[in-house]
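Observations on the three-dimensional arrangement
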Amino acid sequence: MTNEPAGPTGDGGYLAGYEQGLRLRFGLEPLGPFTIIVEGLTDVQYLTIATEKVGDAIGFDLLDATASGRDGARISLCTPLNVSHPDPAERRKGGSQLLGRLVRFLRRYDALLEVEARVCFVVDHDSAGRGTLKAIGDTGFDVEYLAMTIDPAHHPGCCSHPDAVIEDLLSLRVQQSFFDRGGSCCRVTFIDGEPRRFEWDGVSKGELPEFVRGTAGLQDVSEIVRVLLRVRQLWGLPNPDLPEFSATRL
C-alpha cells in the first residue's frame, strides 16, 4: 500500500494498527491487491505447485492479475502463522481457529480492504472449514464474494468423501505412488477392495507436497488448479482455455 487513508481516528493510527496487527499477530505483511488466504502452509504449497504445473504445461500464469487493470498485479497466497507460540514448530501451523481470528481482525479494517485489497478465504470442506465459513458470515463479511470451501460439488475429480480436505483434490494415482514408497503415515479407505481415500498424517502430510511437485502431472493436480480458477472467476480475471475446466463446471 502506498497511500495512507484516513481511518476512523482521522489519523494514521488506523493504517498503523492494521499493518502492525498483521505482522505481530499473524506473521503477515499488508495484503496486496489480490490475496487468497488459506488454512495452512500445506495449502499454500499445493496452490503454488498447481500454478507451476499449469505454467509448465501451457504457459499461463494463474497468479497474474494484470487483467484487472493494475500494472504488475499478482495474486498472493498466504496463511496466518501462530507467531506467539513458544514452540517454533507450532508457529508455522495455521488452522481454522487462527484463520477465524484473522477474519475477526480484518473485519475491523474492511473499509481499508474495500479500497486496497480483494480477499478470498479458501478453506477445507470438513466440519472445521464449514464452521470457519459460517464464522466469516457471522462477522458481517459477504461470504458469497469473500470465501469458498473445496466443496466436492465443485470438484468432480475430488475424492467422494463429503468432508474434503486439500489432499482429497490430488489424484489417487499420485497418492498411491507416494504410499507405495513405503513408511507412510496415513489411513486408507477401501471400497470394493480398491483404495478410495488417503488421509495423511504426521511427517507424511508434510512430505507429500514436495513429492507431488517432483512427480505429478497436470492431471494429478487438476482439482487444485480448479480452486484457483474458481477464485479467478470470482474476481472477474480471465482463465486459460482448457476444455476440462469449462466455466459451467467451476
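Here's what I pulled together on the structure shown here.

What counts, and at which threshold
Residues numbered from 1 in each chain as written. Predicted model: local features only at pLDDT ≥ 70, side-chain atom pairs only at ≥ 80, totals over all residues. Heavy atoms only, no water. Salt bridge = Lys/Arg side-chain N within 4 Å of Asp/Glu carboxyl O. Buried < 20%, exposed > 50% of the residue type's maximum accessible area, 1.4 Å probe, protein only. Helix = DSSP H or I, 4+ residues; strand = E, 2+ residues; numbered from the N terminus. Axes fitted to C-alpha atoms, helices over the stretch in contact; angles between N-to-C directions. Parallel < 35°, antiparallel > 145°, perpendicular 65-115°, else oblique. Contact = heavy atoms within 4.5 Å. Nonpolar A, V, L, I, M, F, W, Y, C, P; charged D, E, K, R; others polar. Expected span 1.5 Å × (residues − 1). Lys, Arg positive; Asp, Glu negative; His and termini not counted. Pairing = 2+ DSSP bridges. Core = buried A, V, L, I, M, F, W, Y, C linked by side-chain atoms within 4.5 Å.

Side chains carrying opposite charge are able to pair once their charged atoms draw close together. Scanning the entire structure with this criterion turns up 15 salt bridges. When the shortest N-O distance is used, the salt bridge between Asp110 and Arg107 registers 2.2 Å. Judged by relative accessible area, Arg107 falls into the partly exposed class, the value being 26%. Note that Arg197 is salt-bridged to Asp168, the shortest N-O span being 2.8 Å. Here Arg197, found in strand 6 (residues 194-200), pairs with Asp168, found in the loop between strand 4 (147-149) and helix 8 (172-179); they are 29 residues apart in sequence, far enough to count as distant.

Here helix 2 (residues 41-58) crosses helix 10 (residues 222-234) at 95 degrees, and the two axes come no closer than 9 Å. Between helix 2 and helix 10, the angle falls in the class roughly perpendicular. Two secondary-structure elements touch here, helix 2 through Tyr46, Leu47, Ala50, Thr51 and Val54 and helix 10 through Ile224, Val225, Val227 and Leu228. Here the contact of helix 2 with helix 10 is built from residues that sort into 8 nonpolar, 1 polar and no charged.

We now examine the packing of helix 1 (residues 13-26) against helix 4 (residues 96-107). The contact between helix 1 and helix 4 brings their axes to 11 Å, and the two run at 170 degrees. Accordingly, the angle class assigned to the pair helix 1 and helix 4 is roughly antiparallel. On the side of helix 1, the interface is formed by Gly17, Tyr18, Gly21, Leu22, Arg25 and Phe26, while helix 4 contributes Leu98, Arg101, Leu102, Phe105 and Leu106. Considering only residue class, the contact of helix 1 with helix 4 consists of 7 nonpolar, 2 polar and 2 charged.

The terminal C-alpha atoms of helix 4 lie 16 Å apart, and with 12 residues this matches the ideal 16 Å at 1.5 Å per residue to within 8%. When helix 4 is considered as a whole, its buried residues turn out to be Leu98, Leu99, Gly100, Leu102, Val103, Phe105 and Leu106.

Now for the side chain of Glu39. With respect to the helices and strands, Glu39 occurs in the loop between strand 1 (34-38) and helix 2. Of the side chains with opposite charge, Lys205 lies nearest to the buried Glu39, which makes no salt bridge, at 9.2 Å.

As defined by bridge partners, strand 5 (residues 186-191) adjoins strand 6 across 6 bridges and the pair is classed as antiparallel. Along strand 6, the bridge assignment pairs Phe190 with Pro195. In this antiparallel pair of consecutive strands, strand 5 and strand 6, the connection spans 2 residues, and Asp192 shows a positive phi of 55 degrees.

Positioned with a positive phi, Asp192 is a non-glycine residue whose angle comes to about 55 degrees. Note on placement: Asp192 falls in the loop between strand 5 and strand 6. The exposure class assigned to Asp192 is exposed, which follows from its relative accessible area of 78%.

Ile36, Val122 and Val212 are the most contacted members of the largest nonpolar core, which has 42 residues in total. Secondary-structure elements contributing two or more residues to this core are strand 1, helix 2, strand 2 (75-78), strand 3 (118-123), helix 8, strand 6, helix 9 (202-215) and helix 10. Those residues within four positions of Val212 in sequence are excluded, and the remaining contacts are Tyr46, Ile49, Lys53, Leu170, Val174 and Val221. Judged by nonpolar contacts, the second largest core, of 26 residues, contains Leu31, Leu112, Val119 and Val123.

Read these as geometric descriptors, not functional statements.
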